[in-house]
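Okay, here's what each chain looks like letter by letter:
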Amino acid sequence: MDFTLCLTHACNLRCDYCYAGAKSNTRMAWDVARKAIDFAFHHTLRRASLRGIPPEAQIGYFGGEPLLEWPLLTRSAEYALESAARDGITLKKTVTTNMTLLDEEKMTWFRAHDFYLGLSLDGNAAMHDTLRRFPDGTGSHAAASKALRFFRGSQPAGEIILVVDPRNVAHLTKSVEWLLSEDIRNIALNPNFYIEWPESALRTWQTASERIGDLYIDTYRASQPVRINVIDGKIRTRIKDGYASCDKCGFGENEIAIAASGNIYPCERIVGDDTNEALRLGNIFTGFDSAKRSQIVACRGNVIEECRDCPVKDRCMNWCSCINYATTGAINRVDGLVCHHERMVIGVADRVGATLFAESNPAFLARFYGA
Ligand code: SF4
Ligand code: SF4
């Protein structure tokens, strides 16, 4: 199971598109963090036992900015490691950070503890500083991009996450070019679905996406393949005829987020100010509200009638509950912007995949066909 611990509601940035709620000094106390890990492993063992599968868990650290709580993060990670070793649980560790506090000492610790890092950096300075700023309004690109040096090369221990928004999309192509020039090989393009996209911005996004597809092809031709989440994911869905059930997020079922208070939510994107009673699944000290959890889990999916006959319905992320909830108010109703995005990236990915397949590109065949 995947568990995300939201260590703090504080952050040293004030990004315009932040969905993590109002900033405050509310932080997770040590007894909450320890109980959260005990809770996570209890449910991991229970699930493994019921299903007859090996126990595997992922603990992710999130915020606000989790590196503001460095002593708590390291203490709870060490505790999780000891507990997992005792209980025979295979443990993955992740952290999502804005990079501004990431220095040599912290990187050494993350490497030693085999962490995977989600690194929020909106590409080049022009794109990043449009929306990712300090409270005084100054851009944070210079502070964040200093840590890029830790992630150059072909063996990424993390991915650079760009949030694509109508206000910064004009810089998207140049940003991906810049990241490639910096030898960054693992890029995630996460759209901001929670905002209106004017037609002109949608056109810019389409043009940028096609150009990024070209750049992707170029990296394979140069035997320096890049990973870009939206292209990789849709190439895979083409090869295997859609998402497998295990590819879909486990919203509330095998994916859980724990707020600083100990309240439980089905996804870190829902935690926000920790006030969403409709989707609160309980508290780690009192346990799951089982009836509500079952109801939410059963409700997942997509009930939009028009999707039934869509030729790409099995390759579409219309099932993403947190995005559906944020965009339509219902976890099982997909929004038109998601539809637009999915069709766009499927088109780009199919062109990229067909081109590299026709060329029998060795890196492409090795990566996607194990050839
Ligand atoms: S760094 Fe993350 S938590 Fe902080 S303001 Fe930006 S998006 Fe929100
Ligand atoms: S691409 Fe659009 S119509 Fe097709 S399944 Fe996805 S959301 Fe529905």
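Here, every reference points to the structure presented above.
In this report, we go over the structure that sits alongside the text. (Residues numbered from 1 in each chain as written. Chains lettered and ligands numbered in written order. Predicted model: local features only at pLDDT ≥ 70, side-chain atom pairs only at ≥ 80, totals over all residues. Heavy atoms only, no water.)

### Considerations on the site of ligand 2
We count it as follows: Consider each residue's heavy atoms; a residue with any of them within 4 Å of a molecule or strand counts as near. Polar here means any residue other than Ala, Val, Leu, Ile, Met, Phe, Trp, Tyr, Cys and Pro, which are nonpolar, and Asp, Glu, Lys and Arg, which are charged; Gly is therefore polar.
Within the structure, ligand 2 sits among Cys307, Cys310, Val312, Lys313, Cys316, Asn318, Val334, Cys339 and Arg343. Residues of the shell around ligand 2, tallied by class, amount to 6 nonpolar, 1 polar and 2 charged.

### Topic: the side chain of asparagine 192
Worth spelling out the cut-off: A run of H or I in DSSP counts as a helix once it spans at least four residues, and a run of E counts as a strand once it spans at least two, with each numbered from the N terminus. Under the rule applied, a polar contact is a pair of N or O atoms within 3.5 Å (in protein, one hydrogen donor and one hydrogen acceptor; residues adjacent in sequence only if both atoms are side-chain atoms). Here a residue-residue contact requires only that any non-hydrogen atoms of the pair lie within 4.5 Å.
Note on placement: asparagine 192 falls in the loop between strand S6 (186–191) and helix H7 (199–221). At 2.9 Å, the side chain of asparagine 192 forms a polar contact with the side chain of aspartate 165. Ignoring sequence-local partners within four residues, the contact set of asparagine 192 consists of Tyr17, Val163, Val164, Asp165, Arg167, Trp197 and Leu337.

### With respect to empty space enclosed by the protein
Our working definition: A cavity, in this analysis, means grid points on a 1 Å lattice covering only the protein atoms where a 1.4 Å probe fits yet has no way out; a pocket is instead an open set bounded by protein on both sides within 12 Å along at least five of seven lines, and a residue lines either one if it has an atom within 4 Å of a point. Grid points are joined across faces, edges and corners, and a volume is the space filled by probe spheres set on the points.
Enumeration according to the criterion identifies 3 cavities of 30 Å³ or more in this entry. Roughly 100 Å³ of internal volume is contained in the largest cavity. What lines the largest cavity is a set of 14 residues, and nearest its centre among them are Leu189, Trp205, Ser209, Val230 and Val345. Mapped onto the lining of the largest cavity, the elements with two or more residues apiece are S6, H7, helix H8 (229–239) and helix H12 (336–358). By residue class, the composition of the lining of the largest cavity is 11 nonpolar, 3 polar and no charged. In this structure, the second largest cavity spans a volume of roughly 60 Å³. Cys6, Thr8, His9, Ala20, Gly63, Gly64, Glu268, Val271 and Gly272 together form the lining of the second largest cavity.

### Re the site of ligand 1
What surrounds ligand 1 is the set Cys11, Leu13, Arg14, Cys15, Cys18, Lys23, Gly64, Asn98 and Arg132. Class assignment for the residues of the shell around ligand 1 results in 4 nonpolar, 2 polar and 3 charged.

### Thoughts on a nonpolar patch on the surface
The condition is simple: Nonpolar side chains (Val, Leu, Ile, Met, Phe, Trp, Tyr) are joined into patches within 5 Å and like charges within 9 Å, using only residues with over 30% relative accessible area and no salt bridge. Only the protein chains shown count as cover for residues, with accessible areas throughout obtained via the Shrake-Rupley method and a probe of 1.4 Å. Each salt bridge in this description consists of a side-chain nitrogen of Lys or Arg and a carboxyl oxygen of Asp or Glu lying within 4 Å of one another.
On the surface, a cluster of nonpolar side chains totalling about 280 Å² of accessible area is made up of Ile239, Phe357 and Tyr369. Mapped onto the elements, phenylalanine 357 comes out in helix H12.

### Some details on the side chain of threonine 74
The condition that has to hold: Partly exposed describes any residue whose relative accessible area lies between the buried limit of under 20% and the exposed limit of over 50%, with all areas from a 1.4 Å probe on protein chains only and scaled to the type maximum.
Relative to the assigned elements, threonine 74 resides in helix H2 (residues 70–87). Among the residues examined, threonine 74 registers a relative accessible area of 14% and is labelled buried. Within the local environment of threonine 74, its side chain forms a polar contact with the backbone oxygen of proline 71, the two atoms lying 3.1 Å apart.

### Observations regarding the pairing of strand S3 (residues 90–97)
Test applied: If DSSP finds at least two bridges between two strands, the strands pair. Here is how to tell: hold the view so the strands point away, follow the path from the first strand over the helix to the second, and if it runs clockwise the crossover is right-handed.
Bridge analysis of strand S2 (residues 56–62) against S3 gives 6 bridges, and the strand direction is parallel. Across the sheet, the residue bridging to glycine 60 is threonine 94, located in S3. For the crossover that starts at S2, traverses H2 and ends in the parallel S3, the hand is right-handed. Bridge analysis of S3 against strand S4 (residues 115–120) gives 5 bridges, and the strand direction is parallel. Each bridged residue has a counterpart across the sheet, and for valine 95 the counterpart in S4 is leucine 117. In this fold, the crossover linking S3 to S4 by way of helix H3 (residues 104–112) has right-handed handedness.

### Some details on the packing of H7 against H12
Where we set the bar: With axes taken as lines fitted to C-alpha atoms, and helix axes fitted only over the stretch in contact, angles between N-to-C directions fall between 0 and 180 degrees. Reported orientations rely on four angle classes, namely roughly parallel under 35 degrees, roughly antiparallel over 145, roughly perpendicular from 65 to 115, and oblique for the rest. The handedness criterion is simple: a crossing whose near helix is rotated anticlockwise from the far helix by less than a right angle is left-handed, and one whose near helix is rotated clockwise is right-handed.
Running from N to C, H7 and H12 point in directions that differ by 25 degrees, and their axes come no closer than 10 Å. As judged from the angle between their axes, H7 and H12 are roughly parallel. Considering the relative orientation of H7 and H12, their crossing is right-handed. Contact residues: H7 offers Leu202, Trp205, Gln206, Ser209, Glu210, Gly213, Asp214, Tyr216, Ile217, Tyr220 and Arg221, while H12 offers Leu337, His340, His341, Met344, Val348, Arg351, Val352, Thr355 and Leu356. Partitioning the contact of H7 with H12 into residue classes produces 10 nonpolar, 6 polar and 4 charged.

### Considering the sheet that holds S3
Strand order in the open sheet formed by 11 strands is S7-S6-S5-S4-S3-S2-S1-S8-S9-S10-S11, with mixed pairing between adjacent strands. Each edge of the sheet is formed by a strand with only one pairing partner; in this case those strands are strand S7 (227–228) and strand S11 (287–288).

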